[in-house]
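Structural characterization, general
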Amino acid sequence: MHYAKILGSGSYLPAKRVSNDDLAQFVDTSDEWIQSRTGIQFRHFAAENELTSDLAVIAAQRALEAANLTGDDIDLIIVATATPDMQFPSTATIVQQKLGISGCAAFDVQAVCAGFMYALTTANAYIKSGMAKTVLVIGAETFSHILDWQDRTTCVLFGDGAGAVVLGASDEAGIIHSKLQADGSYLDLLKVPAHIAGGQICGNPYVEMDGPGVFKFAVKTLAKVAEDVLAEAGYEAKQVDWLVPHQANKRIIDSTVKHLGLSMDKVIVTVQDHGNTSAASIPLALDVGIRSGNIQRGQTLLLEGIGGGFAWGAVLVKY
Ligand code: ACO
């Protein structure tokens, strides 16, 4: 068994779909401003009592069904999230319990919008080392719970959702190469600074972001990591059938696409319908690409994402 292969994918969006005009009812913004700066038209928001694990479980069930497997086949669950249900235990163990399985390993990874790149790479390492055979890898977020509706520079950008893949050991090609990087000196560009101490929430529990700073860093870094992962794997951009980028902002996606010399018809774009769903954005886009019939078995996919930390990464996959 030489590869970790994507056996199935699934995703879930909460029922409440919110347009830019809906947001403009209670935020000082406009459809024109949001669309021209970001490409976002809609996002979905979880209900007040709907937690990240609830979204994750539905995406996971759909991925298991697509892989023709059940929860009992899974020997590791990894959940990438920056909006866990609780301080502890991990959302992954809550997902495990809600899926009605027990005994397999389960843990969260936290790399914000790069979380799915970190989770997928970790799952690949488990499979390649023989420590796991079948891994459920989920990206799930409820960012609407940590948005400050008084801060129009951040609250219009994010949405909620979940995406999942089942990764299995296979002799057929799967994950070809991946690269993860981080630089903690960029902490102040994007953060939720709060922590719990003495029974109190200390610090701001909402997203804080230097938008233009994030934009500049993301454009530069995503182009470089995409190029690096291709070069290290001995691939050229023209061999990529589909780019599945983190869906933060259409202008950031356009810039990466231009840098790689790809055409837009080779890019899965969902930001207009989902907004930025952080760790869920790449697996959500991947599942949309697969279920729409655009992404076909045997094709080469380049996944890439960046998030607070900063943390970033790219994964080259034979689907
Ligand atoms: N509606 C209307 N006006 C707004 C809004 C809003 N929602 N937000 C800001 N403005 C105003 C500002 O107040 C400012 O007005 P002023 O000139 O009178 O002061 C004006 O718009 C321009 O503000 P800028 O911040 O300079 O706008 P910019 O063109 O840089 O776009 C944006 C802001 C969209 C946030 C951009 O910087 C960006 O996309 N950054 C990347 C952020 C991102 O994608 N973060 C996601 C998380 S990280 C990741 O996933 C990679």
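Attention here is on the structure that accompanies the text. (Residues numbered from 1 in each chain as written. Predicted model: local features only at pLDDT ≥ 70, side-chain atom pairs only at ≥ 80, totals over all residues. Heavy atoms only, no water.)

**Focus on the packing of helix α3 (residues 52-67) against helix α4 (residues 91-98)**
At a minimum axis distance of 9 Å, the contact between α3 and α4 shows a crossing angle of 55°. If you check the angle between α3 and α4, you find them oblique. In this structure, the crossing between α3 and α4 has a hand that is right-handed. In this structure, α3 uses T52, S53, D54, A56 and V57 to contact α4, whose residues at the interface are T91, I94, V95 and K98. Grouping the amino acids of the contact of α3 with α4 by side-chain chemistry returns 4 nonpolar, 3 polar and 2 charged. (Axes fitted to C-alpha atoms, helices over the stretch in contact; angles between N-to-C directions. Helix = DSSP H or I, 4+ residues; strand = E, 2+ residues; numbered from the N terminus. Parallel < 35°, antiparallel > 145°, perpendicular 65-115°, else oblique. Left-handed = near helix turned anticlockwise from the far one by under 90°. Contact = heavy atoms within 4.5 Å. Nonpolar A, V, L, I, M, F, W, Y, C, P; charged D, E, K, R; others polar.)

**Brief notes about the sheet that holds strand β5 (residues 105-109)**
If you walk across this open sheet you meet the 5 strands as β1-β7-β6-β4-β5, and the pairing is mixed. Because the sheet does not close on itself, it has two edges, and the strands there are β1 (3-12) and β5. Sheet twist, expressed as the average angle between the axes of neighbouring strands with direction ignored, equals 20°. Inspection of the sheet shows β1 paired to strand β7 (residues 160-170) by 9 bridges, in the antiparallel sense. From the neighbouring strand, G8 faces β7, where its bridge partner is V166. (Pairing = 2+ DSSP bridges.)

**Regarding the packing of helix α7 (residues 211-233) against helix α8 (residues 250-260)**
Between α7 and α8, whose axes approach to 9 Å, the crossing angle comes to 40°. Of the two possible hands of crossing, α7 and α8 adopt the one that is right-handed. On α8, the residues touching F215, A218, V219, L222, A223, A226, E227 and L230 of α7 are R251, I252, S255, T256, H259 and L260. Across the contact of α7 with α8, the residue classes tally to 9 nonpolar, 3 polar and 2 charged.

**Points about the environment of Y235**
With respect to the helices and strands, Y235 occurs in the loop between α7 and β13 (242-245). Residues Y235 and L316, spaced 81 residues apart in sequence, show a C-alpha to C-alpha distance of 9.4 Å. Setting aside anything within four residues of it in sequence, one finds Y235 in contact with I176, L230, T300, L316 and K318.

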